[in-house]
Amino acid sequence: MVFKVEICVDSVESAISAQIAGADRVELCDNLTEGGTTPSSGSIISARNNMDIGLHVIIRPRGGDFLYSDLEYDIMRRDIEICGENGVDGVVLGILKADGNIDIDRTARLIEFANPMTVTFHRAYDMCYDPVQGLEDIIATGAARLLTSGQSDKAPGGAELIRQLVIQGGERIIIMPSGGIDESNIVSLVTCTRVKEIHLTGRKLTDSEMTFRRDNISMGGFPGLVEYSRKVADPERIKSIINMLKMI
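Residues numbered from 1 in each chain as written. Predicted model: local features only at pLDDT ≥ 70, side-chain atom pairs only at ≥ 80, totals over all residues. Heavy atoms only, no water.

Undergrad: I would appreciate a short explanation of the overall build of the protein chain in the present structure.
TA: Secondary structure assignment for the protein chain yields 8 helices and 10 strands. The C-alpha atoms of the protein chain give a radius of gyration of 18 Å, which matches the 18 Å a tight globule of 248 residues would have. With the principal axes as the frame, the protein chain shows a C-alpha extent of 55 × 45 × 35 Å. Expressed as a percentage of its 248 residues, the buried residues of the protein chain come to 47%. Long-range contacts, defined here as pairs at least 24 residues apart, represent 66% of the contacts in the protein chain between residues at least 6 apart. With the model as given, the accessible surface of the protein chain reaches about 12000 Å², and the carbon-plus-sulfur share is 51%. Charge separation in the protein chain, taken as the distance between the mean sites of 26 positive and 36 negative side-chain charges, equals 3 Å. (Helix = DSSP H or I, 4+ residues; strand = E, 2+ residues; numbered from the N terminus. Rg over C-alpha atoms; globule rule 2.2 N^0.38 Å. Buried < 20%, exposed > 50% of the residue type's maximum accessible area, 1.4 Å probe, protein only. Contact = heavy atoms within 4.5 Å. Areas by Shrake-Rupley, 256 points an atom, 1.4 Å probe, with all protein chains shown as cover. Lys, Arg positive; Asp, Glu negative; His and termini not counted. Charge placed at Lys NZ, Arg CZ, Asp CG, Glu CD.)

Here is the structure:
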């Protein structure tokens, strides 16, 4: 079986590393500590100029929930327009209603606006009220793909639901697991769920090249966040995971 591997990245540097490793596609984000938000126009343009593989961009105006105001919805539309103007292959988005159901109408309008870019409905699905009806609603929006951890914190824990979603969706939509996927669980996950596309980060921690450091100040205020190290895509690790998939 041939699998497609999408690497989630938060920098152009990591996007290039994913391409070097043999990934089929990247999802370009910012602020992965908040689950990913829309990257800057500069990052989108630079990624497209430096990559030949598929480029998908998350359209998420902020962290937090997926219930968006009219102002935030307009921002999403404008960000989609920027992606379309700069050669992006697909966008990744998701909108919920206050009651936890999929917002079919608003999502469908964004998908229509994004055409001919392909659209993935992201892990907002994992926060929806009814996973079975939620998938039907997402299919009704015209989304080509669903990114999900199976309504679990990590995809291995949601493997049974992911397997059921693959059966339910059939040929109508691609189910792509995401969350906590690595070399320790990817073979068992794809074997159990029968998915054909996989989303992961494959990152490593890299140390800053700063020689002068002021360690008593934190820019972001997130517990455990250190300014002098960051996580980047590890091409060797990603390549190893891709090779594991080729053996299945």
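That covers the picture; the talk isn't over yet.
Undergrad: Please explain the nonpolar core as it appears in this structure.
TA: Side chains of nonpolar character tend, in soluble globular proteins, to be buried together. Formed by 63 residues in total, the largest nonpolar core has its most connected members in Leu146 and Ile198. Once you skip the residues sitting within four places of it in the chain, Ile198 turns out to touch Phe3, Lys4, Val5, Glu6, Met176, Pro177, Ile181, Ile186, Val190 and Leu245. (Core = buried A, V, L, I, M, F, W, Y, C linked by side-chain atoms within 4.5 Å.)

Undergrad: Explanation requested: the packing of helix H7 (residues 186–193) against helix H8 (residues 235–246) in the structure shown.
TA: The angle between the axes and the distance between the axes are what describe a pair of packed helices. Viewed as axis vectors pointing N to C, H7 and H8 meet at an angle of 40 degrees, and their least axial separation amounts to 10 Å. With respect to each other, H7 and H8 are oriented oblique. Judged by the sense of rotation from one axis to the other, the crossing of H7 with H8 is right-handed. Residue-level inspection shows Ile186, Val187 and Val190 of H7 in contact with H8, the latter providing Ile241, Met244 and Leu245. When the residues that make up the contact of H7 with H8 are grouped by side-chain class, the tally is 6 nonpolar, no polar and no charged. (Axes fitted to C-alpha atoms, helices over the stretch in contact; angles between N-to-C directions. Parallel < 35°, antiparallel > 145°, perpendicular 65-115°, else oblique. Left-handed = near helix turned anticlockwise from the far one by under 90°. Nonpolar A, V, L, I, M, F, W, Y, C, P; charged D, E, K, R; others polar.)

Undergrad: When you look at the pattern of salt bridges in this model, what are you seeing that I'm missing?
TA: When charged atoms on two side chains of opposite charge get close, those side chains can pair. Scanning all chains against the criterion turns up 16 salt bridges. Notably, a salt bridge pairs Arg230 with Glu13, separated by 2.8 Å at the nearest N-O pair. Taken together, the residues Arg230 in strand S10 (residues 229–233) and Glu13 in helix H1 (residues 12–21) connect sequence positions 217 residues apart. The exposure class of Glu13 is partly exposed, given its relative accessible area of 41%. In this structure, Arg77 and Asp74 form a salt bridge, with 3.2 Å as the shortest nitrogen-oxygen distance. (Salt bridge = Lys/Arg side-chain N within 4 Å of Asp/Glu carboxyl O.)

Undergrad: Would you mind going over the packing of helix H5 (residues 131–141) against helix H6 (residues 159–169) with me for this structure?
TA: Closest axis-to-axis distance for the H5/H6 pair is 11 Å, and the angle between their directions is 45 degrees. With respect to each other, H5 and H6 are oriented oblique. As H5 runs across H6, the sense of the crossing is right-handed. Between H5 and H6, the residues in contact are Pro131, Val132, Leu135, Glu136 and Ile139 and Leu161, Leu165, Gln168 and Gly169, respectively. Class assignment for the residues of the contact of H5 with H6 results in 6 nonpolar, 2 polar and 1 charged.

Undergrad: Looking at this structure, I do not really get the packing of aromatic side chains. What am I missing?
TA: Under the counting rule described, the total for this entry stands at 0 aromatic pairs. The ring of Phe113 has Arg77 sitting right over it, with the charged end atom 5.5 Å from the ring centre. (Phe/Tyr/Trp six-rings, centres within 6.5 Å; stacked < 30°, edge-to-face > 60°. Lys NZ or Arg CZ within 6 Å of the ring centre and 35° of its normal.)

Undergrad: What am I meant to see in the sheet that holds strand S5 (residues 118–121) here?
TA: By way of backbone hydrogen bonds, the strands of a sheet pair with one another, either parallel or antiparallel. On the basis of which strands lie adjacent, the open sheet formed by 8 strands has the order S7-S6-S5-S4-S3-S2-S1-S8 and parallel pairing. What marks the edges here is a single partner per strand, and that holds for strand S7 (174–177) and strand S8 (197–200). Mean inter-strand twist for the sheet, computed between neighbouring axes without regard to direction, equals 25 degrees. Across 4 bridges, strand S4 (residues 90–93) lies against S5 in parallel orientation. Paired with Gly90 across the two strands is Thr118, which belongs to S5. Along the sheet, H6 makes contact with strand S6 (145–148) and S7, crossing S7 at roughly 165 degrees. (Pairing = 2+ DSSP bridges.)

Undergrad: Help me out: how do you make sense of the layout of surface pockets in this one?
TA: Left-over empty space is what a probe sized like a water molecule reveals as it rolls over the atoms. Its volume calculated, the largest pocket comes out at about 1200 Å³. The computed volume of the second largest pocket comes to approximately 290 Å³. Forming the boundary of the second largest pocket are Val166, Gly170, Glu171, Ile173, Ile174, Ile175, Arg194, Val195, Lys196 and Glu197. Residues that form the lining of the second largest pocket fall into these classes: 5 nonpolar, 1 polar and 4 charged. (1 Å grid on protein atoms, 1.4 Å probe; cavity = no way out; pocket = protein on both sides within 12 Å on 5 of 7 lines; lining within 4 Å. Points joined across faces, edges and corners; volume = space filled by probe spheres on them.)

Undergrad: Help me out: how do you make sense of the environment of Gly100 in this one?
TA: Tracing the backbone through its elements, the reader meets Gly100 in the loop between S4 and helix H4 (104–114). Distance from Gly100 to Phe66, taken between C-alpha atoms, is 9.3 Å for residues 34 residues apart in sequence.

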